[in-house]
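# Descriptive analysis of the structure
Okay, here's what each chain looks like letter by letter:
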Amino acid sequence: MVVPDSQDEMYYPPIELQRDAHVPDFNTYLELYKKSIENPDAFWKEVADEFFWKKPATGPMLQHNFDVTKGNVFIKCMEGAKTNVCYNVLDRHVKRGNLGEKVAYYWEGNCPDQHTEITYSQLLCQVCKCANVLKKLGVKKGDRVSIYLPMIPELVYTMLACARIGAVHSVVFAGFSAESLCERIVDAQSCVLVTADGVYRGEKLINLKQIVDEALEKCKERGCSSVAKCLVVKHPALRTKSGASCNKLQTPWDGACDVWWDEAMRGSPEQCEPEWMDSEDPLFILYTSGSTGKPKGVLHTVAGYLLYTYLTFKYVFDHRHGDVFWCTADIGWITGHSYITYGPLANGATSVLFEGIPTYPHVGRLWEIVQKHKVTKFYTAPTAIRLLMKYGREPLQKYDLSSLQVLGSVGEPINPEAWLWYHSVVGQGRCPVVDTFWQTETGGHVLTPLPAATPLKPGSATFPFFGVEPTILNEHGEELEGEAEGYLVFRRPWPGIMRTVYKNHERFENTYFKKFPGFYVTGDGCRRDKDGYYWITGRIDDMLNVSGHLLSTSEVEGALTEHPGVAEAAVVGRPHAVKGECLHCFVSLKGSTDFNYSLVQELKTLVREKIGPIATPDFIQNAPALPKTRSGKIMRRVLRQIARNDRDLGDLSTLADPKVVELLFNQRNEAAA
Ligand code: PRX
């Protein structure tokens, strides 16, 4: 790599940050990158030295095998070392760093009148109390704890309490359905579930405890009674000022299993000795959609995840003491795990923890919070940017956004129009936009600009982070040099990469390592341009990215075919102005079933109930037949083109019955939105 000097029309040389940056220019990036690749041991050792180790490592910083033909795939970081992640992200700052009085989180609730702040010492105290509560409920080292909570501080307390006592948390996004929650509890065999009575999203009140009870009922029907206790937080919006319940919800209660959080925390000791964990002990499981079958329990481990989220946060957002960082993701996704909980806390940062939505109670809500807390680094998804773009500049002009220094994007490709709006309107042309490419599996950023060092091209995630070695392969597994397009793969591990699929190492190997032995396969397509910039071109498997969330087409198809009137279903992605991509579903009905409005509504409800509102189909169209090859395989490429109304179909010679295509184009106009 050399310092790029592009002739491209859209090319943004680095903007000087207000203070000296950690990586001040591209040459420094190149030097550090070279060191991380040529001498990973020395590079990561220096990072590890910033943390506390109860026992030092006996092995090298990283060991691995990525080649399935040579034996089991494995990745190990700092073998032999013992530490505790919670100790490193809290006690280390409070006890040794005098950061006790520093604010860890500014919490902003769904309604602007609900807010609070939590210092590092208060956070440590709450985490220890919660850790003692979990122990009292029977949680031991290695046990799994499912967490189904909205974006309230108790979510962070519970995650860190698990880390403190060596329990493995499994956070389930609180927008998921009872069915999805049940599936994740059954797989993890969790012994405790932590939830809240309810939550407001905008003006809508959601009875979370009722969903939890439904999920637990379903677990029992499937022979899983692992959850012995359910710890229930009373949501601050559902109390009166004095803390009493305000009865807006009927909270179903089972005295044998359910425990109120407040009652359990009252009198719980404020000290809790951390459990000293092996470097490769599990830290958490987070489920992500798979292109076939059930969601995969992506497993991350103690030492590597700590080092990687720490370093990516520090460099990619050029973190400084005095910053106020705000990542708008939900902690139910990996972005929240890495860049709301672990990365910022490992750096002793101050973050905003936001429960609400960008448009409630008004479309300037995000900018109001930026002004209120003088946010310096802001991290969101292209979907949110496109949504807010629709309202124009006016909602932003009411607020002072001059505190902003770095803007981040994550979750899906950002289209140049949204990038330019983010850069010029939100960042007022002053702030670099870091388009960070990564995955639940990668634990942290893998392709990303560094704000003061990397010249930017809108829509490109630019270059690899330290220790990451990307390459592009063609269908035959041959490496492509220079300008090229193909499969994005990585040749070696970095500390934060996942270690396995929980209880299914074979699936881990099959999904990520089988296609091209010796490489981790991301599942994304990628282009490298003449200047060496990487451009993600989208998924190459049957996964869809709706509003920055990965969805499995087969999971949605499975939900649709559960309807008694549906014989067969095929789901493809279709471009959407705000969500990036949305779901277009083709359903073949059984003989006596009519395709009509009420059927479409039933199908939408079914998908919401089975998976959750994020998977709600935008279009459902009648498909008397599906385009199949002679061997019976659905030609998804053709369906994608029908969904887009693109008649440039190319070679259809492998289709068993080409007439189906015209029929589906005709029916498309009647697709119910
Ligand atoms: O397709 C890529 C897309 O999101 C996928 C990972 O999704 P998930 O595991 O849910 O994690 C999302 C948050 C890290 C990737 O395989 N993706 C993520 N970031 C980008 C992206 N596509 C393009 N550009 C990005 N910056």
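Preceding this paragraph is the structure being described.
Presented here is a report on the structure given in the accompanying data block. (Residues numbered from 1 in each chain as written. Predicted model: local features only at pLDDT ≥ 70, side-chain atom pairs only at ≥ 80, totals over all residues. Heavy atoms only, no water.)

## Structural notes on the site of the ligand
- The full set close to the ligand counts 18 residues, and Asp 435, Thr 436, Thr 440, Asp 524 and Arg 539 are the nearest of them.
- Between Gly 411 and the ligand, the recorded distance is 3.1 Å, taken from a backbone N or O atom to a nitrogen atom.
- Note that a nitrogen atom of the ligand is positioned 3.5 Å from one of the backbone N or O atoms of Pro 413.
- Against a free-state accessible area of 550 Å², the protein chains account for coverage of 95% of the ligand.
- When contributions to the shell around the ligand are tallied by element, the ones reaching two or more residues are helix H10 (334–346), strand E20 (433–436) and strand E26 (534–539).
- Counted by class, the shell around the ligand contains seven nonpolar, six polar and five charged residues. (Near = heavy atom within 4 Å. Polar contact = N/O pair within 3.5 Å; in protein donor to acceptor, adjacent residues only side chain to side chain. Areas by Shrake-Rupley, 256 points an atom, 1.4 Å probe, with all protein chains shown as cover. Helix = DSSP H or I, 4+ residues; strand = E, 2+ residues; numbered from the N terminus. Nonpolar A, V, L, I, M, F, W, Y, C, P; charged D, E, K, R; others polar.)

## A closer look at the pairing of strand E23 (residues 484–490)
- Burial analysis of E23 places six of its seven residues in the buried class, which makes it a mostly covered element.
- Judged from the four bridges that link them, strand E21 (residues 470–473) and E23 form a sheet pairing that is antiparallel. Bridge pairing in E23 places Leu 473 opposite Tyr 487.
- Sheet topology places E23 next to strand E25 (residues 520–528); six bridges connect them, and they run antiparallel. Bridging from a neighbouring strand, Phe 490 pairs with Tyr 520 of E25. (Buried < 20%, exposed > 50% of the residue type's maximum accessible area, 1.4 Å probe, protein only. Pairing = 2+ DSSP bridges.)

## With respect to the sheet that holds strand E19 (residues 406–410)
- Pairing in this open sheet of seven strands is mixed, and the strands run E5-E4-E17-E16-E18-E19-E20 from one edge to the other. With one partner strand each, in any of the chains shown, strand E5 (115–119) and E20 form the two edges of the open sheet. Taking the axes of each pair of neighbouring strands and ignoring which way they run, one obtains an average angle of 20° across the sheet.
- Relative to E20, E19 runs parallel, the two sharing four bridges. Bridging across to E20, Ser 409 finds its partner in Asp 435. (Axes fitted to C-alpha atoms, helices over the stretch in contact; angles between N-to-C directions.)

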